[in-house]
Amino acid sequence: MRRARARTRAPCGRADLSPYRAVRHAVWSAAHVTWAPPGGEMTTASQEAGQEERREGAPLDTLSLDERLYRMRHSAAHVLAEAVLEMFPEAKYAFGPPIENGFYYDFDLPRPLTPEDLTRIERRMRGTVHRDVPIEGRWIPKDEARAIFADQPYKLEMIEEIEDDVVGFFSHAEFDDLCEGGHAERTGEIGAFALTHSAGAYWRGDERRPMLQRIYGALFPTQEELDAWLKAREEAERRDHRRLGRELELFTSSDLVGQGLPTLLPKGATVRRLLEDWVVTLERRAGYQHVYSPVLGKVDLYKRSGHWEHYQEDMFPPMQLEHDEMVLRPMNCPHHILAYETQLHSYRDLPLRIAEFGTMYRFERSGVVGGLSRVRAMSLNDAHIFCTPDQIKSEFAGVMRLVEEVYAVLGITQYSYRLSLRDPADTEKYVDNDAMWELGQRVLREAMDELELDYVTAEGEAAFYGPKLDIQIRDMLGREETMSTIQVDFHLPEQFELRYIGEDGAEHRPVIVHRGVLGTAERMMAYLIELYAGAFPVWLAPVQATVIPIADRHLDYANEVRDALLARDLRVEVDSGGDRMGAKIRKAQLQKVPYMLVVGDREAEANTVSLRHRALGDLGATPLAEAVVRIAGERDAKSLDPDPETE
RNA sequence: GCCGGUGUAGCUCAGAGGUAGAGCAGCUGUUUCGUAAACAGCAGGUCGAGGGUUCGAUUCCCCCCGCCGGCUCCA
C-alpha cells in the first residue's frame, strides 16, 4: 500500500503549495478524477528535478519528465505572468503553479482586475503561444538571481528561503521566473486554455500577509478537451445545491434570520428526517445508545473540556445570565461525557457508545458560510465511544464499516481518506502533550494500515484534542469537504478524570473515539442534492409519485390510485390542476418526482395506471397493484436510480 | 475576517439622471386535453438598507447588509 507522503518541492519557488496539497491533488487525479497523466499518477516535475544535478550552469532539463499536462499548465502560468507584466509594468509577481485542471498565478497589481482585463491578458497569452518561443531553464547562483529579481520582493523572499547555493531559473522571450521547472519546451506546446476568473489570495496563504490577485486558467491538451471541461463545469453549476434547493423547495434562507442559518422546508425536512431515522437505526444495530442534550450550557463546562481555551473564536459569544455565562454548544462531547459519568463503569460496560443527532452552533467567519454545506447551525450525526485503549482499533474498524455501508447505500463512490495530524509547532491551537499526540497518531496509522486503506496525511488539520481520520468528498465544482470523521481522544478523558474499573479491580482511564458518519445533516444533504442532481432515489424523494389525471372526470380514479399508494405509506400527490397532461408531466419532471402515474379513461376502466419514470420515460400501462409494488419495492430496497448521471 | 464581483416582481433577467419592463410562477375565466409548457385577462416592485450630490436618484458617490467567486478557516 502507498503511504502517500512524498517530499515535493513546489514550482516557481516552493511557496504556498504545501506538500500535502500537492499530493492530495495527485491522489485525486489518479484515483477519482478526470485525467490521469501518461505516467499514471502525477509525479510533480520538481520531484524529478530534485534528483538532478544541482550546480551552477547545469542544464535544468525536464525532457525526461513524462508529465506533459503538468508541464503545459506550468508553462501557461509563466506565459500568463509574462502577459500581466507587459500590461502592468509595475506589477509584482508571486507564485504560479499548475493545478488540477489548469493553472494560476498570483500578482500584486496597482488596481483590481476586470473581466475585460482577463480577455486582454488572454489575447496576449495567445500571441506568445503563437510565436512559439523556446522555454529554457538552468540553475543560477543566488546572487545572480537576486540581481535579476531586484525589484521583485516576492521572488526575493523566495530566493532567501532556498537552502542551496543555486536556484532554478526559467525564461522564455523577455520573461524570467524563479522556478524549478517541469515545463514545455516551447510556448507553442501549451495546448488549449482559457482564463476562467480572478480572485483574492493571501501571499503564502497567510492572512496576515498581503492580499494578492490570483488569476485562474483552465488548460487541456486539445480544444475539444477544454470545451468538454468548460461544458461539464456549466452542468455542474446547474446542479449546485443552492439552486436546486430553491427550485425543488428543499430549503430557504433569509437575512432576517441570519447568515448560515437556513430553514429546511417541508420537502427538505422530509429528506433529512429519512436520513436521520435511517442512520439512527443503523447505529442502534451497531450498539449505539442515543441521547438528547441541551444546546445551551454554562461556559464553565467548555472551560473544563478545553473548548473554551482552544475553540473560543469559533463559538458564539457568551450571554450573561443572572449568575452564569452561557454559550451555545459548538460540540456535544462534554454532554456525552456527563452521560458516561452518571455511573461508575466496569470494563465489562465498554465500549459504551453514546450517540446524538443534535444541532451545534459555530460562529463561522462571514466569508465562508453559504448554502447548506457551510452553516452556523449544524446538525451533527455525532457519537462518542468510550473504550479501553486496546479496543480503539476494533471500534475504529466498526465505524469504518458503518461509514462504508452508509456510503454504499447512498451511492457515494468518490471520496478519499485524510489522516489529520497536529502541527507540533502550533501549541496555540493544539493541546500541548507530545506523548498523547504520538500515541493517538500512531494508533490511527496502524488502524488504517490494518484495514489496508490508502490515505494522505495533513499536518495541522487535527482537532484541538486529538488526531483524526477524515473522509473527504468533493462537491460538484471540485471543492473538497470533510464528510465523515473519526477522532481519537486521550485529552477529554483526562480533563474530566473519566475512569472505569478494570479486570484488576483498579481504576483506569478510558479513551474517547469521536465520530460522525453523515458529518452533518446539512452538509450531507447539500452533497446528496448535487450527487443526485436533485433526483433523490425513491426512498429519499420528498414526493415519490404524482398521479396525473388526464381530465377532470378522472379525478375520482386518481384519488383511488393515490389512496392505494398511501396505503403502502408512499408519499404521493394528485395533480388536480387545470393543466394539460403534458404540462403536468413537465411539472413533475422538473420537480424530479421519480414516478408519474397517468390515469385516463383506459386506466380507470382497466384499473391500471400509465406508469412513467422520470429517467426511463413512459413505461406503459401497468396494473395499479403492480405499480404500487414496484415503487414500494424500490423504496424498501433503497435502490438508486438507473443512471442519475444522464438526467 | 480579507480581496473582487453583485443586489430591479416569488423565480430568471432587461432597462435608464426625469419616480420601471419581459418570460415563468400566482389569481380569474375559457378549454377537458394521452407522455416535458392550451388560450385570454388580472394582479404583482418604497429597484437590498441608510446617508450624500442634484431642481429631481432606483441610476452617480459614500457607508452598511446580503449573496456569489476565491483566500484564510472548517463538519
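Overview of the structure. Quantities reported herein were computed from a predicted structural model and do not represent experimental measurements.

Thresholds, definitions, all that
Residues numbered from 1 in each chain as written. Chains lettered and ligands numbered in written order. Predicted model: local features only at pLDDT ≥ 70, side-chain atom pairs only at ≥ 80, totals over all residues. Heavy atoms only, no water. Core = buried A, V, L, I, M, F, W, Y, C linked by side-chain atoms within 4.5 Å. Buried < 20%, exposed > 50% of the residue type's maximum accessible area, 1.4 Å probe, protein only. Helix = DSSP H or I, 4+ residues; strand = E, 2+ residues; numbered from the N terminus. Contact = heavy atoms within 4.5 Å. Pairing = 2+ DSSP bridges. Axes fitted to C-alpha atoms, helices over the stretch in contact; angles between N-to-C directions. Parallel < 35°, antiparallel > 145°, perpendicular 65-115°, else oblique. Left-handed = near helix turned anticlockwise from the far one by under 90°. Nonpolar A, V, L, I, M, F, W, Y, C, P; charged D, E, K, R; others polar. Expected span 1.5 Å × (residues − 1). Phe/Tyr/Trp six-rings, centres within 6.5 Å; stacked < 30°, edge-to-face > 60°. Lys NZ or Arg CZ within 6 Å of the ring centre and 35° of its normal. Arc of directions from axis to C-beta.

With respect to the nonpolar core
- Judged by nonpolar contacts, the single largest core of 88 residues is most densely connected at L275, L410, I412 and L528.
- No other element matches the nine residues that helix 14 (residues 392–410) contributes to this core.
- Excluding residues that lie within four positions of it along the chain, L528 makes contacts with L275, L410, I412, A533, F536 and L540.
- Within the second largest apolar cluster, 45 residues are counted, among which are L80, Y93, Y154 and F175.

Quick word on the environment of L178
- Locating L178 in the fold gives a position in strand 7 (residues 175–178).
- Residue L178 is classed as buried on the basis of its relative accessible area, which comes to 2%.
- Once the C-alpha coordinates of L178 and M158 are considered, the two residues, 20 residues apart in sequence, prove to be 8.5 Å apart.

A few points about the sheet that holds strand 23 (residues 500–501)
- The three strands are arranged 16-23-24 in an open sheet whose pairing can be described as mixed. At either end of the open sheet lies a strand with only one pairing partner, and these are strand 16 (345–346) and strand 24 (507–508).
- In this sheet, strand 24 lies alongside strand 23 in antiparallel orientation, the contact comprising two bridges. The residue of strand 24 that forms the bridge with I501 is E507.

Details of the packing of helix 18 (residues 555–567) against helix 21 (residues 624–637)
- Look at helix 18 against helix 21: their axes get within 10 Å of each other, and the N-to-C directions meet at 40 degrees. Put simply, helix 18 runs oblique to helix 21. The handedness of the crossing between helix 18 and helix 21 comes out as right-handed. Residues Y557, V561, A564 and L565 of helix 18 touch helix 21, and the partners they reach there are L624, V628 and I631.
- Residues of the contact of helix 18 with helix 21, tallied by class, amount to seven nonpolar, no polar and no charged.

Remarks on helix 21
- The end-to-end C-alpha distance of helix 21 is 20 Å, a good match for the 20 Å that 14 residues give at a rise of 1.5 Å each.
- Looking at the buried side of helix 21, the elements it contacts are strand 26 (545–549), helix 18, strand 28 (595–599), strand 29 (608–613) and strand 30 (617–623).

A word on the packing of aromatic side chains
- What the rule picks out here adds up to 16 aromatic pairs.
- A ring pair is formed by F95 and Y104, whose centres lie 6.4 Å apart and whose planes are at 65 degrees; its orientation type is edge-to-face. We note that F95, like Y104, is buried.
- Their ring planes at 80 degrees and their centres at 5.8 Å tell us that Y415 and Y417 sit as a pair that is edge-to-face. In terms of burial, Y415 and Y417 fall into one category: buried.
- A cation over an aromatic ring shows up here: R73 above the ring of F220, its NZ or CZ 5.1 Å from the ring centre.
- Over the aromatic face of Y104 sits the side chain of R214, whose NZ or CZ is 3.7 Å from the ring centroid.

Notes on the environment of H613
- Structurally, H613 can be placed in strand 29.
- We classify H613 as buried; its relative accessible area is 1%.
- Sequence-wise, H613 and M596 are 17 residues apart; in three dimensions their C-alpha atoms are separated by 6.3 Å.
- If sequence neighbours within four positions are ignored, H613 has contacts with Q589, P594, Y595, M596, L619, D641 and P642.

Thoughts on the sheet that holds strand 15 (residues 325–328)
- Overall, antiparallel pairing links the three strands, which are arranged 13-15-14 in an open sheet. Of all strands in the sheet, those with a lone pairing partner are strand 13 (296–298) and strand 14 (319–320), marking the two edges.
- Here three bridges tie strand 13 to strand 15, and the two strands are oriented antiparallel to one another. Counted as the bridge partner of K298 is M326 from strand 15.

Digging into the pairing of strand 9 (residues 211–220)
- Among the 10 residues in strand 9, eight count as buried, and that is most of the element.
- Bridge count between strand 4 (residues 102–108) and strand 9: six bridges; the pairing is antiparallel. From the neighbouring strand, G102 faces strand 9, where its bridge partner is A218.
- The sheet contact formed by strand 8 (residues 192–202) and strand 9 spans 10 bridges and is antiparallel. Residue pairing in the sheet places A201 in a bridge with L212 of strand 9.

Some thoughts on helix 15 (residues 434–450)
- A rise of 1.5 Å per residue sets the reference length of helix 15, with its 17 residues, at 24 Å; its end C-alpha atoms lie 24 Å apart and thus fit the reference within 8%.
- Among the residues of helix 15, M436, W437, G440, Q441, V443, L444, A447 and M448 are the ones counted as buried. Seen along its axis, helix 15 keeps its buried residues to an arc of 155 degrees; they face one direction. What points out from helix 15, more than 90 degrees from its buried face, is the exposed set A435, E438 and E450.
- Check the buried side of helix 15 and you find it contacts helix 14, strand 19 (415–421), strand 20 (455–459), strand 21 (468–474), strand 22 (480–489) and helix 16 (491–495).
- One or two steps after helix 15, the chain reaches E452, where phi turns positive at roughly 55 degrees.

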